[in-house]
Amino acid sequence: MTVTEVPNVAQAIETVESHLHPKPSFALADHPVPTGREEVWRFTPLRRIASLLEETPDAGALSVTIDAPEGVEVGELNAGQAPRGTVLVPGDRLAALADSGAPNARYVRVPANAELAQPIFVDLHGDDAAARANVVTVLVAEPHSKATVVLRHTGSAQVLENVEIDVQPGASLTVVSLQDWADDTLHGGEQTARVARDATYRHVNVSFGGNVTRLHTNVYYEGPGGRAELYGLYFADAGQHIEHRMFVDHNAPDTFSHVDYRGALQGTDAHTVWVGDVLIRKIAENIETYETNKNLVLTEGARADSVPNLEIETGEIIGAGHSSTTGRFDDEQLFYLTSRGIDPDEAKRLVVMGFFVEIIHRIGIADLEERLIAEVERELAETVGVAKHVREGE
Amino acid sequence: MSLVISGLHVDVETEDGPKEILKGVDLTINPGEVHAIMGPNGSGKSTLAYSLAGHPKYHITSGEVTLDGTAINDLTVDERARAGLFLAMQYPVEVPGVSTANFLRTAKTAIDGEAPKVRTWVKEVNAAMQELGLDESFTSRSLNEGFSGGEKKRAEIVQLQLLNPKYAILDETDSGLDIDALRVVADGVNRYTAPGDRGVLLITHYTRILNYIKPDFVHVYVDGRVVAAGGPELADKLEETGYDSYVAAARANA
C-alpha cells in the first residue's frame, strides 16, 4: 500500500493562476497532449488512455436514452447553440475533445417552479470497447425547480463526456453519476455546475467499473447563498484506475461547499486518485467549505492517492478545512466478525458497506439512497467474494 | 459431547520469531459445566482463549481440540463459530459503519444457516439489550464504536444470549466492570447457562465474578499450563493466598 497525502495550503495569493486549475478554453491548441510530468496528469496512466487523448470523431459508441417525467423539456443543442457552452469551458484536453467532438448535445430542462416527484434518468450504454463516444449533456434547472437527474453509465466504450449543469436561482438539483462500466471502458471528462443565488446543488459520483476513469467535478457560483455538496464513492478492483478531481471555486460571498468522497480498493494495481481543490477568492467572504476523503485499502498491492488543496485569499470566512485518511482493513475487525460465524468475504462486505453507507445517507432522498445501497451491495457481492444464498426466515 | 482440549501447545508470533505460550493444556468441558480458569497476568490465559477461537496470531504446534467430537484445529475462525464456539473478548473490536443491529442479524444468520424470523428477532434483540442494561439506541450505533469499556462487555453478553453457542469462552469479561455492571453481566451468563446444556470456560484474574457465576471446576493456570485443579473451594483458597505459591512452584519446576 502506498499513500500520499500532500495538503497544500496557500494563503493570500493575489493571483489565481495555478497549475491546479489551468485557464479553461474551448481551443484544443490550449490543451496540448500531456507528457505526464504536469501536476494535473502525474497520477494518470497516460499510455492506457492514449486513444482518448486523440482527436477522434464520435462513432456513436454510446446509445443515450433519456427518461424524463412530464413537463421536462428534452432536446438537442448544436455546437455553439446556447445554453450549451455557457457553463462549462473545458479545463483539460479530454474535456476539450469531448466538446469539440460532439456534434449534438443532449439537453434537459426542468422548468421554473417544477418539483419533480420522479428522477430524470439518462442511460448511456456502449457495446464496443474500441469505439469512441464524444458526449455532451446540458442540464438546466430553472428558478425554484426541484429535480434529480441520474446518469447511468454501463457497458464498453471509449468515452469522453462533459455534463454542463446550470442551477438557476433558488433551484435544487441533485445529479447522480453512476459509473458502472465494464472492465474495458475508458472514461474521461468533466461535470461542471454553476450554482446561482440561493440554489442548492448536490452531486453524487459513484464509480465502480471501467479500466481507466478520470473525471473532473467542478463547481462555481453565480451570486451569494449557493450551496454545493459533492459526494462520491468508488471501488477499485485489481488493475483499475479511478481518478476523481474536484474543483470548487468560491467566487461569490456567502456560499457553501462540502466535499466528501470515500473509496475502497482491493487487488494488485488497483489505483485511486482523489484531488480536491478549493479556491476561496478575495470576494468570497463569509463562505464555508469542508472537504474530506477517506480510503479503505482491503488488500496489499493497491494504491490510494489523496491530495486536498486549499487556496485561501480571504480570511473573512466562516470556515475552511480539509481532511484525508487512508487506512487498511483491520485484521482485528476481520477476526472479530468471523469469530461470530460470519465468513471472511461477508465480513469485508459488511465493513465496506458500512464505510459507504455513511456517505449514501447524506444524500437525504430515501428512494435514491435505497437504490444506491442496492447498487453498492450488488457491486460488492460481485467483487468481494461471492455472496452466499441465505434463506429468508418467515 | 464436550469441548476437549488435549496436550495443547501454542506459539505466538513475536518480532523475535515464534514463542511458546501454551505448554500442554488438558481440559474437558462437558455441557452444563462452568470451568473457571484463574491465573496471574501473563500466564497465557488469553492465549488459550484466542487459540481456541482461531486467531491467526496463534499457532497450535501440537495437541488437539475437539468440539462434540469434531477436531477444530484446522477449521477457520468462522467455521469454529458455526460449530458452536463463542469467545467473549476482553477487548471487543470497534467496527465503524456496521450497525450493531445489522451485525447481530448477520451473525445470527451465519450461525443458524438461515435468517432469523423478522417478527420475533427484533423483539429478541431488544429484550437482550434491555436485560444487559443497554438502551435501544445501541442497535443503530456502529458496532462497539464509542461504547465505554463496560458497554462493550455488556454487548458481548448480548451476543452470547442471542447467538446461544454450545460452548462459550469468556475472556476476562469481568475486568474493568463496577459491581453493578458485574451483576448485570453475570446474570446474562447465568441466563445463558440456565437450560443446563451449555459449556462455559470462564477466564479471570479475580475471584470476584465467581460470587455471581458459580463454577463447577476451578483450574489454576500458570506459565502456560494448569498447575492445580479443584472445585469452587479452590477459588476461596486463591482469594486468601493469591497466586504467589503457584508461581514460585512453577518457577522451581521450570
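Residues numbered from 1 in each chain as written. Chains lettered and ligands numbered in written order. Predicted model: local features only at pLDDT ≥ 70, side-chain atom pairs only at ≥ 80, totals over all residues.

1. Quick look at the interface of chain A and chain B
Taken together, the contact pairs 24 residues of chain A with 25 residues of chain B. Residue assignment for the side of chain A that touches chain B shows that the elements contributing at least two residues are helix H2 (331-338) and helix H3 (344-360) of chain A. Per-element accounting of the side of chain A that touches chain B gives the leading share, eight residues, to H3(A). Residue classes in the side of chain A that touches chain B are distributed as 10 nonpolar, six polar and eight charged. (Contact = placed C-beta atoms within 7 Å. Helix = DSSP H or I, 4+ residues; strand = E, 2+ residues; numbered from the N terminus. Nonpolar A, V, L, I, M, F, W, Y, C, P; charged D, E, K, R; others polar.)

2. Examining H3(A)
The first and last C-alpha atoms of H3(A) sit 24 Å apart over 17 residues, in line with the 24 Å expected at 1.5 Å per residue. For H3(A), a buried count of 13 out of 17 residues is recorded, marking the element as mostly surrounded by other parts of the structure. (Expected span 1.5 Å × (residues − 1). Buried ≥ 20, exposed ≤ 12 C-beta atoms within 10 Å, placed from the backbone.)

3. Side note on the nonpolar core
Counting 181 residues, the largest nonpolar core has A:Val167 and B:Ile169 as the members making the most contacts within it. Counting residues per element, this core draws most heavily on strand S6 (residues 120-141) of chain A, which supplies 10 residues. In this structure, this core is formed jointly by two domains, domain 1 (2-328) and domain 2 (331-394) of chain A, each of which donates at least three residues. (Core = buried A, V, L, I, M, F, W, Y, C linked by C-beta atoms within 7 Å. Domains from an automatic or database assignment.)

4. A look at the packing of helix H6 (residues 149-163) of chain B against helix H7 (residues 179-193) of chain B
Residues and elements named next belong to chain B. Remark: H6 packs on H7, axes separated minimally by 9 Å, with the N-to-C direction vectors making an angle of 10 degrees. Overall, the two elements H6 and H7 adopt an arrangement that is roughly parallel. For the pair formed by H6 and H7, the contact residues are Gly150, Lys153, Arg154, Ile157, Leu160 and Gln161 on the first element and Ala181, Val184, Val185, Gly188, Val189, Arg191 and Tyr192 on the second. Classifying every residue of the contact of H6 with H7 by side-chain character gives seven nonpolar, three polar and three charged. (Axes fitted to C-alpha atoms, helices over the stretch in contact; angles between N-to-C directions. Parallel < 35°, antiparallel > 145°, perpendicular 65-115°, else oblique.)

5. So, the pairing of strand S13 (residues 241-250) of chain A
Residues and elements named next belong to chain A. Counting buried positions along S13 gives 10 out of 10 residues, so the element sits mostly inside the fold. The side-chain alternation of S13 yields two buried faces, one formed by His241, Glu243, Arg245, Phe247 and Asp249 and the other by Ile242, His244, Met246, Val248 and His250. Both strand S11 (residues 212-222) and S13 contribute to a ladder of nine bridges, which runs parallel. For valine 212, the partnering residue across the bridge sits in S13 and is histidine 241. (Pairing = 2+ DSSP bridges.)

6. Focus on the domain arrangement of chain A
Residue and element names in this part refer to chain A. Here the domain parsing of chain A yields domain 1 (2-328) and domain 2 (331-394). Computed from C-alpha coordinates alone, the two centres of domain 1 and domain 2 are separated by 27 Å. Facing the 17 residues of domain 1 at the interface are 14 residues of domain 2.

7. What to know about the sheet that holds strand S5 (residues 70-71) of chain B
Residue and element names in this part refer to chain B. Strand order across the open sheet formed by four strands is S2-S1-S4-S5, with antiparallel pairing between neighbours. Every other strand in the sheet has two partners, leaving strand S2 (17-29) and S5 as the edge strands with one partner each. The pairing of strand S4 (residues 58-67) with S5 spans two bridges and is antiparallel. Bridge assignment links leucine 67 to a residue of S5, and that residue is threonine 70.

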